[in-house]
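# Residue-level structure breakdown
Residues per chain, in single letters:
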Amino acid sequence: MDRRHRLAMALALGHTLLLAAYVLPTGMVPERAHVIGQAYARPLFHQWWGLFAPDPPACSCDWSVPGRIPPGLVRARALNGLCRHAQALSGCGPGADTCVVPVELAAWVEQLTGHSTGGLGLREACLPDRAPQERPVQADRP
């Protein structure tokens, strides 16, 4: 057996021992080995919940328009993205009575909904009460 084979065997054995120290109950493994096994295996193999179930946003976001928005998944996703973008703007912060958005964003929403910006509103329901509140949207005209 040459040196490469010995090194590969040592790495495989060390990997197996560290995983065993991570998986076996704490009573079967010395405390120090268990801590080392945790430090080795947790970053590599532990499933964090954020990977599969990210935290939902604190506020829902939807556009309130007079009439009906034409159906379509692509349109709905685009409007949701624009709504989230509007929520993040400084002119549309949590304490604002009126949501002030750039003219371009208002034009995109107007084009996607088929309604003029005049009756446009931002409808939100925030945790913990989830009571929906509506704010009028105003285009930021220079």
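Numbers given for residues are sequential positions, taken from 1 along each chain in its written order. Restriction of local features to residues with pLDDT of at least 70 applies here, the model being predicted, together with a cutoff of 80 or more for giving and counting side-chain atom pairs; totals for whole chains, interfaces and linings are based on all residues. Where side-chain values are given, they derive from all heavy atoms of the structure, hydrogens and water being excluded.

## Quick word on the nonpolar core
Counting 16 residues, the largest nonpolar core has W63, V101, L105, V109, L122 and V137 as its most contacted members. Secondary structure elements follow DSSP: runs of H or I of four or more residues count as helices, runs of E of two or more count as strands, with numbering from the N terminus. Where this core is concerned, the elements lending two or more residues are β1 (59-64), α4 (73-88), β2 (99-102) and α5 (103-113). Excluding residues that lie within four positions of it along the chain, L105 makes contacts with W63, L82, H85 and A86. Throughout this description, the term nonpolar core refers to a set of buried Ala, Val, Leu, Ile, Met, Phe, Trp, Tyr and Cys residues connected via side-chain atoms within 4.5 Å. For every residue, the accessible area (1.4 Å probe, protein chains only) is compared with the maximum for its type, and the residue is labelled buried under 20%, exposed over 50%, or partly exposed between those bounds. Whether two residues are in contact is decided by their heavy atoms: any pair within 4.5 Å suffices.

## Considering the pattern of salt bridges
Salt bridge, as used here, is a side-chain nitrogen of Lys or Arg placed within 4 Å of a carboxyl oxygen of Asp or Glu. Enumeration according to the criterion identifies 1 salt bridge in this entry. Among the ionic pairs, D2 bridges to R4, the shortest N-O distance being 3.7 Å. Note on R4: relative accessible area 68%, which makes it exposed.

Function cannot be read off these values alone, since they describe shape.
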